[in-house]
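Given next are the chains, with one letter for each unit.
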Amino acid sequence: MIIIDSHCHLGVSKLSGHSVSEGDLLNGMDTHGVDISLVMPHAVTDDPIAEHDEIAKLCRKYPQRFRGIVSLSPLWDEPDYRSEVERCIDELGFVAVKLNPMQHLTSPLMKNADKVFDSAADLGVPVIVHTGLGAPWALPALSIPQARRHPDLPIILAHAGFTVYTTEAYVAALECDNIYLEPSWCMIQEVKWLIRELGANRILFGSDLPENIPVELAKYKAAGLSDVDLAACLGRTAEQLFSL
Ligand SMILES: [Zn+2]
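Description of the structure in this document. (Residues numbered from 1 in each chain as written. Predicted model: local features only at pLDDT ≥ 70, side-chain atom pairs only at ≥ 80, totals over all residues. Heavy atoms only, no water.)

Some thoughts on the coordination of the zinc ion
In an ideal tetrahedron of four donors about a metal, each angle is 109.5 degrees. In an ideal octahedron of six donors, the angles are 90 or 180 degrees.
Now for step 1: Those protein atoms acting as donors to the zinc ion are His7 (NE2), His9 (NE2) and Asp208 (OD), and they sit at 2.1 Å.
Now for step 2: Read N to C, the donor residues that coordinate the zinc ion are spaced as H-x1-H-x198-D. One end of the pair, His7, is in strand S1 (residues 4-12); the other, Asp208, is in the loop between helix H7 (188-198) and helix H8 (213-222), with 201 residues separating them in the sequence. Taken as a pair, His7 and Asp208 share a single burial class, namely buried. (Donors = N, O, S within 2.8 Å, 3.2 Å for Na, K, Ca; no water. Helix = DSSP H or I, 4+ residues; strand = E, 2+ residues; numbered from the N terminus. Buried < 20%, exposed > 50% of the residue type's maximum accessible area, 1.4 Å probe, protein only.)

See below:
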């Protein structure tokens, strides 16, 4: 069974000071049997272009194990934003674009967010939106209008509302077939409920932090899923969404 971690960071967050190294990522993956990790910079860094280059370097060093995700403030001017996203997707082979409403100072409803969803739709990759902490901008329902503007664009709600707003993430996914949920930091009964109600092909495993890999994996294992559903949540849903 292939295991894909759809939510990892590399580098140091300027906001929290939290730091994740190449060794931390590899150690977590090897210890817990993760095959492939999707890696993005922290939302707030001094130089996102340099951070993207670091991730590209990691992907070149371990081509079977890592893929990159773009994370860039939509406060950048449209041409600069678009050209960095294009560079990452077309030249560096990254597989998604991230929006963190609180840390990028842009809710999915703001005009500035359009460039995130439009670029991803044009380049044919999903958008990952952080949800939960940072409400009201990080409320899961705020991605519904973007999902309707781009019905063929997969939108993944990272943290699926972060427990407090998990029911709202569920409603968003119910309303829009192109919304998927990555329920890191949610409670076990919520993870179980989301899989039962929405189907395992709408849910994907993400850790957010290497220390959290075994915790998230334990939830899927404790959920009493069939082998097919477990394989979907742990890898197959991500494999399809990100064309891995
Ligand atoms: Zn994260």
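Concerning the side chain of Ser73
Now for step 1: In this structure, Ser73 sits in the loop between strand S5 (70-71) and helix H3 (78-91).
Now for step 2: Setting aside residues up to four positions removed in sequence, Ser73 forms contacts with Tyr81 and His104. (Contact = heavy atoms within 4.5 Å.)

Brief notes about the sheet that holds strand S2 (residues 19-20)
Now for step 1: Reading across from one edge, S2-S1-S3-S4 is the order of the 4 strands in this open sheet, with mixed pairing throughout. The strands lining the two open edges of the sheet, one partner per strand, are S2 and strand S4 (66-68).
Now for step 2: Of the pairings in the sheet, the one linking strand S3 (residues 36-41) to S4 comprises 3 bridges and is parallel in character. Note on S4: the bridge partner recorded for Leu38 is Arg67. (Pairing = 2+ DSSP bridges.)

Focus on the pairing of strand S8 (residues 155-158)
Now for step 1: By the alternation rule, side chains of S8 split into Ile155 and Leu157 and Ile156 and Ala158, which are all buried.
Now for step 2: Judged from the 4 bridges that link them, strand S7 (residues 127-130) and S8 form a sheet pairing that is parallel. For Val129, the partnering residue across the bridge sits in S8 and is Leu157.
Now for step 3: Remark: the S7/helix H5 (residues 144-149)/S8 crossover connection has right-handed handedness.
Now for step 4: By the bridge criterion, 4 bridges tie S8 to strand S9 (residues 179-182) in an arrangement that is parallel. When the sheet's bridge partners are listed, Ile156 is paired in S9 with Tyr180.
Now for step 5: Considered for its hand, the β-α-β crossover made up of S8, helix H6 (residues 166-175) and S9 is right-handed. (Right-handed = clockwise from strand over helix to strand, strands pointing away.)

Details of the packing of H7 against H8
The description of two helices packed together rests on the angle between their axes and the distance between the axes.
Now for step 1: Interhelical geometry of H7 versus H8 gives an angle of 55° and a closest axis separation of 9 Å. Regarding the angle of H7 to H8, the classification is oblique. For H7 against H8, the interelement crossing comes out right-handed. Contact residues: H7 offers Ile188, Val191 and Ile195, while H8 offers Lys219, Tyr220 and Ala222.
Now for step 2: Grouping the constituent residues of the contact of H7 with H8 by class yields 5 nonpolar, no polar and 1 charged. (Axes fitted to C-alpha atoms, helices over the stretch in contact; angles between N-to-C directions. Parallel < 35°, antiparallel > 145°, perpendicular 65-115°, else oblique. Left-handed = near helix turned anticlockwise from the far one by under 90°. Nonpolar A, V, L, I, M, F, W, Y, C, P; charged D, E, K, R; others polar.)

Focus on the pattern of salt bridges
Now for step 1: Inspection of the entire model under this criterion finds 14 salt bridges.
Now for step 2: Close ionic contact of Lys14 with Asp46 constitutes a salt bridge, the shortest N to O distance being 2.6 Å. Of this pair, Lys14 sits in the loop between S1 and S2 while Asp46 sits in the loop between S3 and helix H2 (48-61), and the two are 32 residues apart along the sequence.
Now for step 3: The exposed category is assigned to Lys14, whose relative accessible area is 54%. (Salt bridge = Lys/Arg side-chain N within 4 Å of Asp/Glu carboxyl O.)

Focus: the side chain of Lys219
Now for step 1: Relative to the elements of secondary structure, Lys219 occurs in helix H8.
Now for step 2: Not counting chain neighbours up to four residues away, the residues in contact with Lys219 comprise Pro183, Trp185, Cys186, Ile188 and Val191.

Brief notes about the packing of H8 against helix H9 (residues 227-241)
Now for step 1: Packing of H8 against H9 leaves a shortest axis separation of 10 Å and a crossing angle of 160°. By the criterion of interaxial angle, the relationship of H8 to H9 is roughly antiparallel. At the point where H8 passes H9, the crossing takes the right-handed sense. Across the interface between the two elements, Leu217, Tyr220 and Lys221 of H8 pack against Leu230, Cys233 and Leu234 of H9.

Regarding unusual backbone geometry
Now for step 1: The linkage connecting Ala135 with the following residue, Pro136, adopts the cis geometry, with an omega of 10°.
Now for step 2: Relative to the assigned elements, Pro136 resides in the loop between S7 and H5.
Now for step 3: At His159, a position not held by glycine, the phi torsion is positive, near 70°.
Now for step 4: Within the element layout of this structure, His159 appears in the loop between S8 and H6.
Now for step 5: Of the residues examined, His159 reaches a relative accessible area of 2% and is grouped as buried.
Now for step 6: One non-glycine residue, Thr163, lies in the positive phi region at around 70°.
Now for step 7: Mapped onto the elements, Thr163 comes out in the loop between S8 and H6.

On their own, these measurements won't tell you what the molecule is for.
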